[in-house]
Amino acid sequence: MTELPIFGQDTPQGPILGIDLGTTNTLVAVFDASGARILADANGEELLPSVVSFPKDELPLVGQSALDRARFDPKRTIHSAKRLIGKGIADLKEEQASLPYDLVNAPDRSLACIDLGYRQVNPSEVSGYILAAARSRAAQALKIKREDLTRAVITVPAYFDDAQRQATRDAARFAGLDVVRMLSEPTAAALAYGFEKKEAQRVIIFDLGGGTLDVSLLKLEKGVFRVLATAGDTRLGGDDFDRFLMNLAAEKIQKKTGVDVLRSPAGRATLRRAAEDCKKQLSTSETGTLKYHDPQAGVAWKQEIDWRTFQKGITPYVQRALDACAQVLQDAELNIEDVDEVVLVGGSTRVPLVKAAVSQFFQTTCHDELDPEKVVALGAAVQAGILGGKANNLLLLDVTPLSLGIETMGGTVSKLIPRNTAIPSQAKETFTTYVDGQSAISLNIIQGEREMASDNRSLGNFTLSGIPPMPAGLPQATVQFTLDADGLLRVQAKEQRSGVETEIAIEPKHGLTDKEVESMLQDAWDHAEEDLTQRRLADVRTQLDTVFRSVEKSNSLFSQLSEVQRERLEDAREEATTSDSVTSPDLLKGILDELEDASYPLAEILMNQVAVHAVQGQNLTEFSKE
Ligand code: ADP
Ligand code: MG
């Protein structure tokens, strides 16, 4: 068994940061006692726009403040540096057309540089400023000195080549960070979801960001990820959705006022922001407001955009995204059925049409439990946690580390929420009574992987009482588990026929260290076979008890059996009463089967009686209560 180190003892140099250096946005995260978490700036902002602005004679600005300068100083405000990093100018011919700033050859003519007019800056340096800002933000959020944050896991697209990776490393060095691991973005997403804990399986990571689409097919084998295939489109993303709305607005504004707002960089930047706002509204409501206000040009324009218009406008882009999905399957020579999980990554997967289209394509519900904009950074932090020894492959992530369930008859466990279920989560199961007239059901809430309740941990007991007398099996007690985002478990039980209900709240993780969780899991593995035998034995015994009881209940009818029938039944009863010491499930099953067979004639007599009683006006329930 592997030992889990104690949090906070293994970090002479401070924690390792997990950084998603995105084309549009950058995020920084850490892994600590509470798991992976994103670090926000002083205003609570988690996304750091991947933009650096270089005003002459002033210090560069990074993030939102740089983005704000885009409209005044487009030639010195650099966005999308990730598109340029590690590439020569010849590779960027197409790129240049859509960039507001100028590209030139670096002095050594190998890589492309950006010409700021007063000096040249290379893309690694631009990314370096972004990483430096992420590092400062982390220092502030963690209240530790910047000098103590020197190591990072940085994510890059799966298809990044050596030059691009090397240039990203250079960027980190510029920011004073040593890259302890360069992690591919899809792998990070899979790590964030804790898929490394599952057996061999295939996962599609569908990542639609601001300007790029990456579809990756990963294969997970014994905790190791392999990228089987990638496909995508380096010119597809949320920017296209924005552009659709921008064009729509610009056209209408021009018709109404005669002003072409797209002509000036400032107008374009303002309209782009308005379009993005409207797009985001359309992710959560049926209409969005698109507005443009420019007092100087005398333009004040506003229009409601309904989701149908938006959906129609972006359909061609969504279709292209699906083409990439088909491509990745074709490259890997696999079918949709071979894919086990689909994960949505990137801010643009919040668009309902995108989500629906991808789900429909893969004929499955896609994972979106984790925020699609944060999932890569969270995964980077998980990797950082693993490297820092804070987490091994058994992680307390946003998933339940151990199964949660209810003890059932015979002391076995009925699992309601299996381990590794992403939280929040909800599950429901219906139980019934075991003896006639039972007025209370006692519920034992169990956490753990073992088959028998007594081998697991009991989180609490509570009783659903006040059930009106009913024959065994008739009451329907619905037990509902609700596990909220903080890992708090609420258990509600309600008897459906009578309406009586009760509720309890508990904190499943409370008092459990990682080490204990791991040892509980290990225990389950070690005892898996033995547990299964025990479980079967318990299940068979419960069935045997039930049959035995019903036979006993009808002993007044024994006289109606034939001699042979009665003898066989008596023998079977005898076997059953002396079966307490039987430990083999198969042997016990034999006894059960015999008792069932032997009591069959009895059941027939009973059935006939029920029919007679029913005819006489007595209903079934009353009869069986006798
Ligand atoms: P990248 O990986 O390229 O840095 P992100 O994953 O951060 O990109 O995604 C950024 C994109 O997601 C932007 O186009 C942004 O407008 C879009 N986006 C963010 N939130 C939403 C939303 N609620 N609805 C639609 N699009 C969104
Ligand atoms: Mg991204």
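Shown above is the structure to which this text applies.
Only a predicted model underlies this, so the values are computations on that prediction, with no experimental measurement involved.

Secondary-structure assignment places E95 in helix α2 (residues 93-98). Residue E95 is classed as buried on the basis of its relative accessible area, which comes to 9%. In this structure the side chain of E95 is engaged in a polar contact, spanning 2.3 Å, whose partner is the side chain of R235. Excluding anything up to four places from it in sequence, E95 contacts R83, L84 and R235.

Attention now moves to the sheet that holds strand β6 (residues 61-62). Strand order in this open sheet of three strands is β6-β5-β7, and the pairing throughout is antiparallel. If you trace the sheet from one side to the other, it starts and ends with β6 and β7 (77-79), each paired once. Of the pairings in the sheet, the one linking strand β5 (residues 51-53) to β7 comprises three bridges and is antiparallel in character. Residue pairing in the sheet places V52 in a bridge with I78 of β7. Where helix α3 (residues 123-142) meets the sheet, its contacts fall on β5, β6 and β7, and the angle it forms with β5 comes to roughly 105°.

Positive phi, normally seen in glycine, also occurs at S80, with a value near 60°. Relative to the helices and strands, S80 resides in the loop between β7 and α2. Unlike most non-glycine residues, Q363 shows phi in positive territory, near 50°. By the secondary structure assignment, Q363 is in the loop between α9 (352-362) and α10 (375-387).

Another point: the pairing of strand β13 (residues 201-208). Counting buried residues in β13 gives seven out of eight residues, a clear majority hidden from the surface. Sheet analysis places β13 next to strand β14 (residues 213-221), joined by eight bridges and oriented antiparallel. By the bridge assignment for β14, Q201 is matched with L220. What sits between the antiparallel neighbours β13 and β14 is a turn of four residues. Relative to strand β18 (residues 341-345), β13 runs parallel, the two being bridged by five bridges. Within β18, the position partnered with D207 by the bridge is V345.

Turning to the site of ligand 1, a few remarks are in order. Around ligand 1, a shell composed of 17 residues is seen, among which T24, N25, E276, K279 and S283 lie nearest. In this structure, an oxygen atom belonging to ligand 1 sits 2.8 Å away from a main-chain N or O atom of T24. S348 is positioned such that a nitrogen or oxygen atom in its backbone is 3.3 Å from an oxygen atom of ligand 1. Ranked by residues supplied to the shell around ligand 1, first place goes to helix α7 (residues 265-284) with four residues. Grouping the constituent residues of the shell around ligand 1 by class yields one nonpolar, 11 polar and five charged. Structurally, the shell around ligand 1 is a two-domain feature, drawing no fewer than three residues from each of domain 1 (17-237 + 314-399) and domain 2 (238-313).

Rules and cut-offs
- Residues numbered from 1 in each chain as written.
- Chains lettered and ligands numbered in written order.
- Predicted model: local features only at pLDDT ≥ 70, side-chain atom pairs only at ≥ 80, totals over all residues.
- Heavy atoms only, no water.
- Helix = DSSP H or I, 4+ residues; strand = E, 2+ residues; numbered from the N terminus.
- Buried < 20%, exposed > 50% of the residue type's maximum accessible area, 1.4 Å probe, protein only.
- Polar contact = N/O pair within 3.5 Å; in protein donor to acceptor, adjacent residues only side chain to side chain.
- Contact = heavy atoms within 4.5 Å.
- Pairing = 2+ DSSP bridges.
- Axes fitted to C-alpha atoms, helices over the stretch in contact; angles between N-to-C directions.
- Near = heavy atom within 4 Å.
- Nonpolar A, V, L, I, M, F, W, Y, C, P; charged D, E, K, R; others polar.
- Domains from an automatic or database assignment.

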